[in-house]
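# Reading the structure
The chain contents come next:
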Protein chains: 2
Amino acid sequence: MTQKVTIHDVAQQAQVSVGSVSRALNNYPHVSEELKSRVMAAALELDYQPAFLAHGLRRGQTNSVGFLVGTIANPVISTIFEAASEALSAKGYAVTLVSSRNQAELDVACLRLLARRQVSGLIVSSAAESPEPARRYLGELGIPTVMLDREATSDELVFAVQSDHESSMREAVAHLIRRGDREIAFIGGPEDFYPTRQRFLAYQAALLDADLPQRPELIRFTSFNERAAYAEALLLLQSRPLPSALIVAGNIILAGALMALQDLGLVVGRDIALVACDDINLTRLYRPPITAIRRDLKLLGVTAARLLLRGMQAEHSEIERIIKLPTKLVLRESTQYARALPRSAPAAGKERANGTILN
Amino acid sequence: MTQKVTIHDVAQQAQVSVGSVSRALNNYPHVSEELKSRVMAAALELDYQPAFLAHGLRRGQTNSVGFLVGTIANPVISTIFEAASEALSAKGYAVTLVSSRNQAELDVACLRLLARRQVSGLIVSSAAESPEPARRYLGELGIPTVMLDREATSDELVFAVQSDHESSMREAVAHLIRRGDREIAFIGGPEDFYPTRQRFLAYQAALLDADLPQRPELIRFTSFNERAAYAEALLLLQSRPLPSALIVAGNIILAGALMALQDLGLVVGRDIALVACDDINLTRLYRPPITAIRRDLKLLGVTAARLLLRGMQAEHSEIERIIKLPTKLVLRESTQYARALPRSAPAAGKERANGTILN
DNA sequence: GCAAAAGCTGAAAACGATTTCCGACAGCTT
DNA sequence: AAGCTGTCGGAAATCGTTTTCAGCTTTTGC
């Protein structure tokens, strides 16, 4: 219906065979200039666009990539997606996005859907750190895949782009300790979720560096769900003594924690220092502005896209399979003054209201 | 490569012809139980999944829909998308998302891309109120389309789901006026952008209702770009006398305005009342919480999906072509106290810190 | 008990492109 | 002038399905 004009119409219009039309349009060698121009003219006049399905069926490839996310309703993911999608569509690929709705058990189903559509490549940033089935299925699939801020697999066709969560988290914790904080709480996502794990490891390492004990009651892991994060934060913040600093690993958890702080009448920066992971509008615009670990989300997306493009071009051998991108600690007022210290003695001179970027 | 097992393999395994396999798998009438079960067993054993491309080519439909947005990196859009996408994939449709990057001139190109992929349906929520070319192209395409919170067209295959921006905006302005505000500023997106226009019309109407004059210097339109919104807000807030209330029509504009307020040292709720459109994390969690016009974004997405599904089922005649969904005004502290009134006399008893939902 | 109808299945024709195969023709060389 | 080489373009095979057609077997109706 929609696609009325076929290659046959063009052939008839140009008075040549369909094979010639195909060759002319696809820049094959040994096509005379005269024929080529005649075909071009006919194609242009009829506004011919080769049928995607027939093309793909014959060629065995779809020029489309699948993007699996846990949810797209998350500013971090959607920014990454936007950048990746732009880079991919610039190279002629269309992107079909599927969401597993943060349910690990749906991951395989989503991947099957994409595989059935014969996507040429995959970018996976499913929220659930797909325990095993999904990872194994990914290997069997044999489709070039980029894991986005997720654990890589040993598969030859599976690549990864990751953020260096650790260095900035160590820096953040060290900064808090330098300020005088001793009771530093940590709320993360699921414990087996790659970014959470990396951040938590760094948190532990930083405490160890400073010879501070790890306090289990100050460490919480929660699911990706504001309500759950709120509940955990509420429990944590009702324990006494109140920790002097709180690190939240993820923007949904940040939302839950802010809600809990608000309900308990605690003021960020005055009653408790706050460090967030991922610098979003909320951290920047909140009063007081919230110290955050920032990463270049667009770069993350574009890098994933580029890596995938290379991965789809069959020369996998000499590609570096894992790329790690830097993060930056942005200091803001939420860690400037704190209960633990006299208000007149901010920790360091290098902090400014708008946030100084270290690293 | 990827798709190794074809219908022929299944046919061979089950010792039947390919036609029978197809019929058995697609629940055709007049297929014996025995044959069906044999085919099922074979298909299951071989893990057969019909090749999407061949299927689509033959059937003339792709069971996929295109979703055009101006940007997905916007919490409102991404939430709507998520809901729509979920509803569509429940019915077996895959969704390919393309972003025109807020550039109206790219709209047609994006639509062409989707049309070439022979999507069965379209949902369009491009940020640019596509002047004419895109709308006309949409008509020519002949693909069932749902405009999402955009102006409808008269085309038979073009439907629309819209939010009732007007009633809540009138209510909001009336509320401000009741509080005592007389100088109510308005910053909107592009003037020809559907939601902006609706909101602005309601703003005008509410002023008229109260016999208040319209003050051109308090009305600004800006592009969808935080920097531009920031600049407009800065100019507006530097004019004297300072308006006692500010309405921002859109979440990007909200971010720019908050930045400007912050840079000018103005405190929301104390120095100026603030009303936002779209209730996002930021409005809820900001201190003080910001009064906002809320709409059920998931419902918006699901409704668009349902409407499209009906639109794709060929019986267009008796479908209502435009659906309008309600909005709600959520009162919060940002409009509770204001310069214009003595602090001891909050406007109404029905406001609570957490926001009371009217309407 | 027999014609007609209905049920079931295999063979083959689509769908619209790409790609292989092969013959025609021009331009050379011997 | 015959034979060879290389370019060009038409015909046909192919991709993996669905769907039509036709043939065979069974049931049904009278």
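What this report covers is the structure whose coordinates are included nearby.

Conventions adopted
Residues numbered from 1 in each chain as written. Chains lettered and ligands numbered in written order. Predicted model: local features only at pLDDT ≥ 70, side-chain atom pairs only at ≥ 80, totals over all residues. Heavy atoms only, no water. Buried < 20%, exposed > 50% of the residue type's maximum accessible area, 1.4 Å probe, protein only. Helix = DSSP H or I, 4+ residues; strand = E, 2+ residues; numbered from the N terminus. Arc of directions from axis to C-beta. Axes fitted to C-alpha atoms, helices over the stretch in contact; angles between N-to-C directions. Parallel < 35°, antiparallel > 145°, perpendicular 65-115°, else oblique. Left-handed = near helix turned anticlockwise from the far one by under 90°. Contact = heavy atoms within 4.5 Å. Nonpolar A, V, L, I, M, F, W, Y, C, P; charged D, E, K, R; others polar. Buried area = accessible area lost by both parts, 1.4 Å probe. Salt bridge = Lys/Arg side-chain N within 4 Å of Asp/Glu carboxyl O. Near = heavy atom within 4 Å. Polar contact = N/O pair within 3.5 Å; in protein donor to acceptor, adjacent residues only side chain to side chain.

This next bit is on helix H7 (residues 133–141) of chain A. Residue and element names in this part refer to chain A. Of all the residues in H7, the buried ones are Ala134, Arg135, Tyr137, Leu138 and Leu141. What you see down the axis of H7 is that its buried residues fit within an arc of 160°, all on one side. What points out from H7, more than 90 degrees from its buried face, is the exposed set Arg136 and Glu140. At the C-terminal side of H7, Gly142 shows a positive phi close to 70°.

Helix H4 (residues 52–59) of chain B packs onto helix H4 (residues 52–59) of chain A with a crossing angle of 140° between their chain directions and a minimal axis gap of 9 Å. If you check the angle between H4(A) and H4(B), you find them oblique. Crossing of H4(A) over H4(B) shows left-handed handedness. Residue-level contacts link A:Phe52, A:Leu53, A:Ala54, A:Gly56 and A:Leu57 of H4(A) to B:Phe52, B:Leu53, B:Ala54, B:Gly56 and B:Leu57 of H4(B). Here the residues of the contact of H4(A) with H4(B) are counted per class, giving eight nonpolar, two polar and no charged.

What follows deals with the interface of chain B and chain A. Interface size, as often reported, equals the accessible area lost upon joining of the parts. With 51 residues of chain B at the interface, the matching set in chain A holds 52 residues. Between chain B and chain A lies a buried interface of about 5000 Å² when both sides are counted; carbon and sulfur atoms form 55% of it. The largest share of the area that chain B buries against chain A comes from B:Leu53, B:Arg116 and B:Arg117, three residues that together contribute 16% of it. There are six salt bridges connecting chain B and chain A. The salt bridge partner of B:Arg112 is A:Asp47, with a shortest N-O separation of 3.0 Å.

Lining the immediate environment of DNA strand D, one finds 25 residues, of which A:Ser20, B:Ile7, B:Ser22, B:Tyr28 and B:Arg58 sit closest. Atoms of DNA strand D within 4 Å of the protein: sugar and phosphate make up 67%, bases the balance. At a separation of 3.2 Å, a phosphate oxygen of DNA strand D approaches a polar side-chain atom of B:His55. The set of elements that each furnish at least two residues to the surface near DNA strand D consists of helix H2 (18–25) and H4 of chain A together with helix H1 (7–14), helix H2 (18–25) and H4 of chain B. With four residues, the single largest contributor to the surface near DNA strand D is H4(B).

Remember that the coordinates give geometry; whether it matters functionally is a separate question.
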